[in-house]
Amino acid sequence: MDPARKKKVRLVVALGVAVALASALIYTSFSASTEASKPSQLKEGRSYEVTGKVVDGSVRHSGDALLFRIRDRDGTASVPVRYTGEVPDPFRDGREVIVKGELRDGTFEGQRDSLVTKCPSKFTKKKNS
Amino acid sequence: MAGVGSACLYVALLGAVYAAGASLYGVRAGRSEFVVSGRRAIYCMAALLTFAMGLLEAAFLRSDFSFAVVAEGSSTDTPTFYKAAAMWATQDGSLLLWAFLLTVFASTVLYVTRRSLREIAPYATVVLAVIAGFFLLLMVGWENPFSTLSQVPAQGNGLNPLLRHPAMMIHPPMLYTGYVGFSIPFAFAIGALIARRTGADWIRATRRFSLVAWTFLGAGIMLGALWSYTELGWGGYWAWDPVENASLMPWLVGTAFIHSIMVQEKRGMLKVWNVSLICGTFALALLGTFLVRSGVLDSIHAFGASTIGVQFLVFIALVLVVSVVLILSRLPDLKSEARLDSLLSREAFFLLNNLVLLGLALVIFWGTFFPLISEALSGEKQSVGPPWFDRLATPLALVLVLLSGIGPLVAWRRITPRNLKRALLAPLVFTGIVLLVLVAFSNAGQSLPSLAMFCFVAFVLAVVAQEFWRGARARRVMTGEALPRALVRLAGRNRRRYGGYLVHAGIAVLFLGVAASSAFIQQKDVRLKPGQTARVGDYKLTYQRVTADLGADRAGTGAPISIGGVVKLRKGNEVRTLRPARNFYPARDASAGPIGPISQFFEGDANSEVDLRWGLRRDLWLAIRPDVSSLVPVARKLDMRLAGADTTTQARAVAALTEIYRRDPPPAAFRFIVSPFVAWIWIGGAIAVLGALVAVWPSPEARLRRVTSIYAARLGRELSRA
């Protein structure tokens, strides 16, 4: 093969690989993703990753399950959550949490080990200087 | 004192403006005295910021709560070790750390290159001054670490219990050293572009800095993984959390960079590629710093919304625009000096490894920012989880490990298929034997990706061993040295090469640990009352008794209450006693309702102290979550009764409550994990760091050469004068 043709072939191969990778990326990410949502926007029977704050005084244990309510970050609409699995250390009333699962009969059934608690925000409180 | 600190920042900002202006004027007008003075302004900034760091650190150690950051992030009852580390738990403090490290690095590189790179260094000074100026501006304008409180509180918030881990002392500074370190090659690359000196000079001058930055960033990431592994609820050593990803991306692109610059040094190729890589690395490093504190993405690291997100984005955009415009306008100067001779050449393999590394970085970038991408594309915020990352990263990691084995065997320019076959023969035979043994005598075949990884790791280790053996044998024949001595001498004389091989071996060992532990992890949650036993795999786990200690936290984090259990773990005849605990800290966060003097201890922050038994074959990991919810109603009643009581009485009440728990403990939740080969991740990481040190350390011969050349130059000058 002459060099110019060789170069062209290489370019086509490289571009082909890039396109294949890009489409795999787009396809797999959209098919494997879950919708992120707020407690007030949940609909029955769909999977979500819901972000909200733990309602004060709502945390209870029932056997292995942890029961609590989460509300919108800036609102009052809340939804009861039933969750089993690992509970991160910072989890408690008022903390912002993310949990995956789906809404069934009005209760958000959390996926095992999907609970994430964000670090408390007291470290970025506005200074009163 | 705070006033002095603020003054340091203002003067340093002026210094940055001066350094940029003087260097620019000096190089444009050809007046070298201005270039020299601009460089010295950078030294001054380093001195000022070192002093400012000292001031702030002293304020933390003295618990001077007139400093807002000290009141925010420390307290008198925070142990001294964590007082010293509390500075980088605050946003303002970490900005100061960034700027401090940057000016120290910049001073070092400018001092080292003061007699060389006369065209490039002044522009690099400008770039470094602008970066330092940006961070100083952030501090002076928005997040001044020296801002004071008009009313000095008696007590501070204390360091977040989550951050009370020995790694807090070095993990953040190491990451920052890595991030900051990449600004040095970036600045010199930009300088080289502006000055149109696009040879390999800027690469040679900053190669060590790139390697040091790469090593620190990598070691910082490893340390973060180690920390995360010892905590409950952080998802093990790697959870594809946005902030973890944010630190990995610049490291991956930086890895590509330190490989491909060798091609430019040896063959004068890939010039556009190299400057693009370093610009990308630096932009990603800034992005990493930004993501930790921006709150843009949901992460366990996101410390609430930041006030400086917009400024950061503007700066990142500026870096990208300047880089792209400069690279495009200098394209004619960036022509390759050579062509790729063959696909079977070191150059081609470096390029291939670069593409895979970049592909991996792209995958991680896409997944990390998918919530923002999907919201822009479809209007719905969607996110991908760890399984998605695992699925895409696994094949790329496999290819990468394989390439790290083949690459070193392939010669520059071209290798004949016959020579390649000869070099590959022994490693391939070894890999084949390993494969047979694994399939025949272990259950490794249950997970195909892991089996493939084990084989590739064996291959890489065989290649590295073969390279060392061949080199040492040749040296022995030539010099007559004994084999061990020849081996040490060989590595000492070719540090870059053999250091690099060690890094490859270390990374391979690391992946051995990752593949084994991710595929063969056993994990179980059980709920036990004292005296009860549960069976987990081959292990029998007995919760023998409860422990409740006041002021005697074994981890030294200063926790007032520590509740845990003594657990006997039995496997055959092997018996171990584990003592996991959970530390309780008083709540200081009034946002979740009023805090009672007694109940604050049972409703506040708590942190698990995992009992972890390391082993070369497997780690045993046990966490306990005692259920103190039954104490809360009693504590609340006591809150009301003892509201006005003195602290001794209140402390007695807390002790009494703890005693109630100890006498009649409710069932506690345990999480037990058996993770095979995790220790090899850390061992591999340590080997890689060792290899990087070997590669970076100046060899005696090079030092001698440099000294001789300086003397020669001086002699030449004096002779010409005479």
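Further up the page is the structure itself.
Let me begin by describing the structure that accompanies this report. These figures come from a predicted structure and were not determined experimentally.

**What to know about the overall build of chain B**
Per the secondary structure count, chain B includes 24 helices and eleven strands. Radius of gyration (C-alpha) of chain B: 29 Å, near the 27 Å computed for a compact globule of 722 residues. Expressed as lengths along the three principal axes of its C-alpha atoms, the size of chain B is roughly 90 × 70 × 60 Å. Evaluated residue by residue, chain B yields a buried proportion of 51% over its 722 residues. Relative to all contacts within chain B whose residues are 6 or more apart in sequence, the contacts with residues 24 or more apart total 76%.

**Let's talk about the pairing of strand E7 (residues 107-110) of chain A**
Residues and elements named next belong to chain A. On E7, burial follows the alternation: Phe108 and Gly110 on one face are buried, whereas Thr107 and Glu109 on the facing-out side are not. Bridge count for strand E5 (residues 78-83) against E7 is two bridges, and the pairing is parallel. Bridging from a neighbouring strand, Val81 pairs with Phe108 of E7. Where strand E6 (residues 96-104) and E7 come together, four bridges link them in antiparallel fashion.

**Focus: unusual backbone geometry**
All names here are of chain B. Its identity is not glycine, yet Arg196 carries a phi of approximately 55°, on the positive side. Mapped onto the secondary structure, Arg196 falls in the loop between helix H8 (183-195) and helix H9 (201-229). The phi dihedral of Arg413 is positive, around 65°, even though this residue is not glycine. Relative to the elements of secondary structure, Arg413 occurs in the loop between helix H15 (386-406) and helix H16 (417-441).

**So, the nonpolar core**
All names here are of chain B. In terms of nonpolar packing, the biggest core is built from 198 residues, with Ala132, Phe135, Val457 and Phe511 touching the most fellow members. With 16 residues, the single largest contributor to this core is H9. Look past the residues within four positions of Ala132 in its chain and what remains in contact with it is Ala16, Met45, Ala99, Leu102, Thr103 and Ala106. Counting residues in hydrophobic clusters, the runner-up holds 33 residues, among them Ala548, Ile561, Phe584 and Leu631.

**What to know about the sheet that holds strand E11 (residues 668-676) of chain B**
All names here are of chain B. With respect to topology, four strands assemble into an open sheet ordered E2-E11-E10-E9, the strand pairing being antiparallel. The strands lining the two open edges of the sheet, one partner per strand, are strand E2 (522-528) and strand E9 (611-613). Adjacent strand axes in the sheet meet at a mean angle of 15°, parallel and antiparallel pairs treated alike. As paired strands, E9 and strand E10 (residues 618-625) are joined by three bridges and run antiparallel to one another. The residue bridging Leu612 from the neighbouring strand is Trp621, located in E10.

What counts, and where the lines are drawn
- Residues numbered from 1 in each chain as written.
- Chains lettered and ligands numbered in written order.
- Predicted model: local features only at pLDDT ≥ 70, side-chain atom pairs only at ≥ 80, totals over all residues.
- Helix = DSSP H or I, 4+ residues; strand = E, 2+ residues; numbered from the N terminus.
- Rg over C-alpha atoms; globule rule 2.2 N^0.38 Å.
- Buried ≥ 20, exposed ≤ 12 C-beta atoms within 10 Å, placed from the backbone.
- Contact = placed C-beta atoms within 7 Å.
- Pairing = 2+ DSSP bridges.
- Core = buried A, V, L, I, M, F, W, Y, C linked by C-beta atoms within 7 Å.
- Axes fitted to C-alpha atoms, helices over the stretch in contact; angles between N-to-C directions.

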